[in-house]
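Per-entry structural report
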Amino acid sequence: ANLGELLPRLVSLSLDDSELKSLRDLGTSLRTLRSLSLARCDLEELDGLAAFPELRELGLANNRITELDPIFHHETLQVLDVRNNRIHSLMALEVLGTCGKLYRLEF
């Protein structure tokens, strides 16, 4: 069983310093998750983010992320921390303009 099946009402999850290689490794059953922290996990991409439709806070500090495209039109995201990643262009931040509820960005 995956984590979402074991804990179907989970709303907050911190996996800082884990060996998680992809958001897809978390499965698609964490539909109620509102806060996710994945600092220092060596993540390179955000594919699979759509599996978390209720996500409000996403902590991704100290990873190896270069693009934020999977965040495009995320309707519930309010807080995003992408400090110390490999996002070198402000153009990469343009996608955040499609997140209507985003009010705090740590870059």
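Numbering of residues starts from 1 in each chain and follows the order in which that chain's sequence is written. Only residues with pLDDT of 70 or above have their local features reported here, since the model is predicted, and side-chain atom pairs are shown and tallied only from 80 upward, although totals for entire chains, interfaces and linings are computed over all residues. Water and hydrogen atoms were dropped before computing side-chain values, which therefore reflect all heavy atoms in the structure.

Further remarks concern the sheet that holds strand β4 (residues 79–81). In spatial order, the strands read β1-β2-β3-β4-β5; together these five strands make up an open sheet with parallel pairing. A single partner strand is all that each edge strand has here, and the edge strands are β1 (12–14) and β5 (104–106). Averaged over all neighbouring strand pairs, the angle between strand axes comes to 0 degrees, with direction disregarded. At least two DSSP bridges between two strands are needed for those strands to be called paired. Only DSSP runs of H or I reaching four residues or more are called helices, and only runs of E reaching two or more are called strands; each is numbered from the N terminus. Working convention: axes come from line fits to C-alpha atoms, limited for helices to the stretch in contact. Angles between N-to-C directions cover 0 to 180 degrees.

The salt bridge definition used is simple: a Lys or Arg side-chain nitrogen within 4 Å of an Asp or Glu carboxyl oxygen. Applying the stated criterion to the full structure yields six salt bridges. Here R64 makes a salt bridge to E44, at a shortest N to O gap of 2.7 Å. Of this pair, R64 sits in the loop between β3 (57–59) and β4 while E44 sits in the loop between β2 (35–37) and β3; the two residues are 20 residues apart in sequence, bridging distant segments of the chain. On the basis of relative accessibility, which here comes to 29%, the residue R64 falls in the partly exposed class. For the exposure calls, accessible area comes from a 1.4 Å probe over protein chains only, and a residue counts as buried if that area is under 20% of its type's maximum, exposed if over 50%, partly exposed in between.

Our next topic: the nonpolar core. Definition of nonpolar core: a set of buried residues of the types Ala, Val, Leu, Ile, Met, Phe, Trp, Tyr and Cys, connected through side-chain atoms within 4.5 Å. Membership of the largest hydrophobic core comes to 30 residues, with the highest contact counts inside it found for L36, F52, L60, L68 and I71. In what follows, a contact means two residues having at least one pair of non-hydrogen atoms within 4.5 Å. Beyond its immediate sequence surroundings of up to four residues, L36 is in contact with L13, L23, L26, L55, E57, L58 and G59.

Let us look at the environment of E54. Within the secondary structure layout, E54 lies in the loop between β2 and β3. As for E54 and L30, which are separated by 24 residues in sequence, their C-alpha atoms are 9.2 Å apart. Residues within four places of E54 in sequence aside, it is in contact with R31, T32, L33, R34 and T76.

In this section: unusual backbone geometry. Across the chain, the bulk of peptide bonds are trans and the bulk of non-glycine residues have phi less than zero. In this model, D17 sits at a positive phi of 65 degrees, which is unusual for a non-glycine residue. Non-glycine residue N84 carries a positive phi angle of around 55 degrees. Position of N84 relative to the elements: it lies in the loop between β4 and β5.

Moving on to a nonpolar patch on the surface. Patches here: salt-bridge-free residues with over 30% relative accessible area, like charges joined within 9 Å, nonpolar side chains (Val, Leu, Ile, Met, Phe, Trp, Tyr) joined within 5 Å. Areas reported as accessible are Shrake-Rupley estimates using a 1.4 Å probe. Residue values count occlusion only from the protein chains shown. On the surface, a cluster of nonpolar side chains totalling about 310 Å² of accessible area is made up of L90, L105 and F107. Along the polypeptide, L105 turns up in strand β5. The partly exposed category is assigned to L105, whose relative accessible area is 37%.

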